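Each chain, letter by letter, is given below.
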Amino acid sequence: MLFYFQPADLVTQVLNFGVPTQIDVQLQGQDREGNKETAALLQQKLANIPGLVDVHVQQELNAPEMMYTIDRTRAQDSG
């Protein structure tokens, strides 16, 4: 059995760009639904690699959203 704890030193945190994982995959694109499908596919494929554990999508994809249309002139007048 093998246990690994990442050092809590500043150098390691800087080299990992503050990411608390050894492997970090980032996905970007303008097709939100396509991105979700690709992320799910990547998660599934990565989870099948021996040695990788706790493979998950970090970002909350189904969070509630609110959209506002603001008239800047009226907003400025009201303070």
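Residues numbered from 1 in each chain as written. Predicted model: local features only at pLDDT ≥ 70, side-chain atom pairs only at ≥ 80, totals over all residues. Heavy atoms only, no water.

1. Points about the overall build of the protein
Here's step 1: On a plain count of helices and strands, the protein comes out with three helices and zero strands.
Here's step 2: Moving toward the C terminus, one meets the helices and strands of the protein in the order α-α-α.
Here's step 3: A total of 79 residues make up the protein; the buried ones form 6% of that total. (Helix = DSSP H or I, 4+ residues; strand = E, 2+ residues; numbered from the N terminus. Buried < 20%, exposed > 50% of the residue type's maximum accessible area, 1.4 Å probe, protein only.)

2. With respect to the confidence of the model for the protein
Here's step 1: With 73% of its residues at a pLDDT of at least 70, the protein reaches an overall mean of 79.
Here's step 2: Confidence, read as mean pLDDT per element, is least for helix 1 (residues 10–15) in the protein (66) and greatest for helix 2 (residues 32–47) (90). (pLDDT = per-residue confidence, 0-100.)

3. Description of unusual backbone geometry
Here's step 1: You will see that Asp54, though not glycine, has its phi angle at about 55 degrees, which is positive.
Here's step 2: Tracing the sequence through the fold places Asp54 in the loop between helix 2 and helix 3 (72–77).

4. Quick look at a nonpolar patch on the surface
Here's step 1: On the surface, a cluster of nonpolar side chains totalling about 330 Å² of accessible area is made up of Ile23, Val25, Leu27 and Leu42.
Here's step 2: For Ile23, the location among the structural elements is in the loop between helix 1 and helix 2.
Here's step 3: For Ile23, a relative accessible area of 52% corresponds to the exposed category. (Patch = residues over 30% accessible without salt bridge, like charges linked within 9 Å, V, L, I, M, F, W, Y side chains within 5 Å. Areas by Shrake-Rupley, 256 points an atom, 1.4 Å probe, with all protein chains shown as cover. Salt bridge = Lys/Arg side-chain N within 4 Å of Asp/Glu carboxyl O.)

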